[in-house]
Amino acid sequence: MKKKFITYGLVGAVTIGLIATTTGVSASDDGSIPSNGPAKNVIFLIPDGFSQSYASSYRFYKEDALPIWDEKDMLAAMVKTGSNNAAITDSAAAGTALATGHKTDNGVIGLGPDGESLPTILDRAKENGKRTGLVATSTITHATPAAFAAKVESRGSYTEIAKQMMENENVDLLFGGGRTEFLPESEGGIRDDDRNLITYAEESGYTYLETRRQLRQWEGEGDKVLGLFAEEALEPSLNQRTDEPSLAEMTHTAIDFLSKEEEGFFLMVEGSQIDWAGHDNDPLYAMTDTEAFEEAVKIAVDYADTHEDTLVVMVGDHDTGGMAVHASEEAHPTMLNQVHALGMDIAEAVTHDYANLEDVLKEKTSFEWTEEEMDDLKEAESLKLAINGAISEKTGFGWSSYDHTGIDVPLFAYGAGAESFNGTMDNTDVPKKMLEALGLSGL
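So, here's what we can say about the structure.

What counts and what doesn't
- Residues numbered from 1 in each chain as written.
- Predicted model: local features only at pLDDT ≥ 70, side-chain atom pairs only at ≥ 80, totals over all residues.
- Heavy atoms only, no water.
- Helix = DSSP H or I, 4+ residues; strand = E, 2+ residues; numbered from the N terminus.
- Rg over C-alpha atoms; globule rule 2.2 N^0.38 Å.
- Buried < 20%, exposed > 50% of the residue type's maximum accessible area, 1.4 Å probe, protein only.
- Contact = heavy atoms within 4.5 Å.
- Lys, Arg positive; Asp, Glu negative; His and termini not counted.
- Charge placed at Lys NZ, Arg CZ, Asp CG, Glu CD.
- Patch = residues over 30% accessible without salt bridge, like charges linked within 9 Å, V, L, I, M, F, W, Y side chains within 5 Å.
- Areas by Shrake-Rupley, 256 points an atom, 1.4 Å probe, with all protein chains shown as cover.
- Salt bridge = Lys/Arg side-chain N within 4 Å of Asp/Glu carboxyl O.
- Core = buried A, V, L, I, M, F, W, Y, C linked by side-chain atoms within 4.5 Å.
- Phe/Tyr/Trp six-rings, centres within 6.5 Å; stacked < 30°, edge-to-face > 60°.
- Polar contact = N/O pair within 3.5 Å; in protein donor to acceptor, adjacent residues only side chain to side chain.
- Pairing = 2+ DSSP bridges.
- Axes fitted to C-alpha atoms, helices over the stretch in contact; angles between N-to-C directions.
- Arc of directions from axis to C-beta.

Another point: the overall build of the protein. The helix and strand inventory of the protein stands at 17 helices and 14 strands. In terms of overall dimensions, the protein is globule-like: its C-alpha atoms have a radius of gyration of 22 Å, near the 22 Å expected for 443 residues. Taken along its principal axes, the extent of the C-alpha atoms in the protein is 75 × 50 × 45 Å. Taking all 443 residues of the protein together, 58% fall into the buried category. Partitioning the intrachain contacts of the protein with sequence separation of at least 6 by distance along the chain shows that 73% fall at a separation of at least 24. Both charge centroids of the protein, one from 33 positive and one from 78 negative side chains, sit 5 Å from each other.

Right, here's the structure in full:
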């Protein structure tokens, strides 16, 4: 896949150079060349694990209102997701493709199959004078955000990813969870190198934020900001804690901060836990975290509506769970309003001897549960997965897997340069198209 685009990249570089020469565009004081495409800003939204079946089910779930991507008629293309070494990608390889425009092997972050370091769209944006940011509801060191700011052979190298993120001068904003990965063991973290990266960040000029209140009160001062709002991942949106910001709140603050740069900005926002819902086959988790993600998309679209030089792109990195839409009069996604807790929380409330199973099901759902259904739950190898399966059946959801699948995913685009996204694309095309919209090249 990399060889396929080498000529394109060179042509793009020559073209940009010619445009700069013929239009009199000159480098700024720091040596960067301002972008000259239709877009000055890019907001890249990644609902991890999201595919067309999620989009369709979410439309049924909302019932009385269209999702923002339908309301704005944003559907633009379908995207292939396979990695370099597998038809079914993981988030590391998919994130790397979306960040760098190149395929890599599953599990690898920011490096090619032969170990070569790959520049990212975030790097290119920063090199051209733009502010850059990464936002996630997982730990900020998780696979997708990591792919834009780190280079490691294993996605599980979280403490190394944290170190690289703090030493990466191209990143101006980081919002997410994962505080323990920035702290030494002696201070309640998991780092074994005795480094406190939060202190390092503050000494390096970062503003540090730790709570929702601090995020709301922050006035955007300074050149860089690190927000770590949970020790590990943030809570699922249904269980949001009062001291943790929502994805929409983080997105709003990120755009407000990044947009202060006259040359524009690049922002990646990940709805990380839609994927985790798919792994659990939990329809309520999937729909409520998609709902929280939609609120972030609305923030981005609202900004694009008032700033016509902004491109908004939304695409999942892969499908998770192989969701099927089984909506009918008897079982419909709107019936999820009769479920009051995530499957993992329902299962956790049940005692080991199942003595309170019926009471918990009556408390956490408004469904009728037969003796046969409860016996099936008791006999299941995983109570959580069995509960999620039963709730799925009652609410019109089907699943084919607890893992990723290889189906194509929809891409939604809006604003400046959106027309260049069309047809069936590879995931490696996506960052190149975004760069093209910025009038830049180099991946």
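Continuing now.
We now examine a negative patch on the surface. A cluster of like negative charges, contributed by Glu 371, Glu 372, Asp 375, Asp 376 and Glu 379, occupies part of the molecular surface. Structurally, Glu 372 is set in helix 15 (residues 371-379).

Grouped together as the largest cluster of nonpolar side chains are 68 residues, with contacts concentrated most on Ile 43, Leu 45, Trp 69, Val 135, Phe 175, Leu 267 and Leu 377. When residues in this core are grouped by element, the largest group, 11 residues, is from helix 12 (residues 283-306). Counting residues in each nonpolar core, the second largest holds 57 residues, with Ala 125, Leu 134, Phe 266 and Met 434 among its members.

What follows covers the packing of aromatic side chains. How two aromatic rings sit relative to each other is given by the distance of their centres and the angle of their planes. Overall, the coordinates contain 11 aromatic pairs when judged by the stated rule. Centroid distance Trp 69 to Phe 412: 6.0 Å. Interplanar angle 45°. Geometry classified as tilted. One end of the pair, Trp 69, is in helix 3 (residues 68-71); the other, Phe 412, is in strand 13 (residues 409-415), and 343 residues separate them in sequence. For Trp 69, a relative accessible area of 1% puts it in the buried group. Overall, the relative accessible area of 3% leaves Phe 412 in the buried class.

With that settled, consider the pattern of salt bridges. Pairs can form between side chains of opposite charge once their charged atoms are near each other. Evaluated as defined, the whole model comprises 22 salt bridges. Notably, a salt bridge pairs Arg 155 with Asp 90, separated by 3.3 Å at the nearest N-O pair. Of this pair, Arg 155 sits in the loop between helix 6 (143-147) and helix 7 (158-167) while Asp 90 sits in the loop between strand 2 (75-80) and helix 4 (91-100), and the two are 65 residues apart along the sequence. Among the salt bridges present, the one from Glu 373 reaches Lys 394, with a minimum N-O distance of 3.1 Å. Separated by 21 residues along the polypeptide, Glu 373 in helix 15 and Lys 394 in helix 16 (residues 383-395) bring together distant segments of the chain.

The next subject is the side chain of His 332. As for its position among the elements, His 332 is in the loop between strand 10 (324-325) and helix 13 (343-349). Reaching out from His 332, the side chain makes a polar contact with the side chain of Thr 334 at a distance of 3.0 Å. Excluding anything up to four places from it in sequence, His 332 contacts Phe 60, Ala 327, Lys 394, Thr 395 and Gly 396.

Turning to the sheet that holds strand 3 (residues 131-139), a few remarks are in order. Spatially, 10 strands are ordered 5-6-4-3-7-1-8-13-2-14 in an open sheet, and the strand pairing comes out mixed. Among the strands making up the open sheet, the edge pair consists of strand 5 (206-209) and strand 14 (423-426). Neighbour-to-neighbour, the strand axes of this sheet turn through a mean angle of 15°, independent of strand direction. Pairing geometry for strand 5 and strand 6 (residues 224-228), over 4 bridges, is parallel. Among the inter-strand pairings, Tyr 206 is bridged to a residue of strand 6, identified as Lys 224.

Moving on, we come to the pairing of strand 13. Put simply, side chains in a regular strand alternate between the two faces of the sheet. Where burial is concerned, most of strand 13 is hidden: 6 out of the 7 residues are buried. In the sheet, strand 8 (residues 310-315) pairs with strand 13 via 5 bridges, with the strands oriented antiparallel. The residue of strand 13 that forms the bridge with Val 313 is Ala 413.

Turning our attention to helix 14 (residues 357-364). An α-helical turn contains 3.6 residues, so any two residues separated by three or four positions project in the same direction. By the burial criterion, the buried members of helix 14 are Leu 357, Val 360 and Leu 361. Along the axis of helix 14, the buried residues cluster in a sector spanning 100°; they form a single face. Pointing more than 90 degrees away from the buried face of helix 14 are the exposed residues Asp 359, Lys 362 and Glu 363. Next to the buried residues of helix 14 lie helix 13 and helix 15.

Turning to its location among the elements, Leu 183 is positioned in the loop between strand 4 (173-177) and helix 8 (197-203). Put simply, Leu 183 and Tyr 285 are 102 residues apart on the chain and 30 Å apart in space, counted from C-alpha to C-alpha. If near-sequence neighbours (up to four positions away) are discounted, Leu 183 is found in contact with Gly 189, Ile 190, Arg 191, Arg 195, Asn 196 and Ile 198.

With respect to the helices and strands, Leu 440 occurs in the segment after helix 17 (429-438). With 404 residues separating them along the chain, Leu 440 and Asn 36 place their C-alpha atoms 7.7 Å apart.

Turning our eyes to something else, we now look at the environment of Ala 77. Here Ala 77 lies in strand 2. Look at Ala 77 and you get buried, because its relative accessible area is 5%. Along the sequence, Ala 77 and Phe 412 sit 335 residues apart, while their C-alpha atoms lie 7.0 Å from each other. If sequence neighbours within four positions are ignored, Ala 77 has contacts with Val 409, Pro 410, Leu 411, Phe 421, Asn 422, Gly 423 and Met 425.

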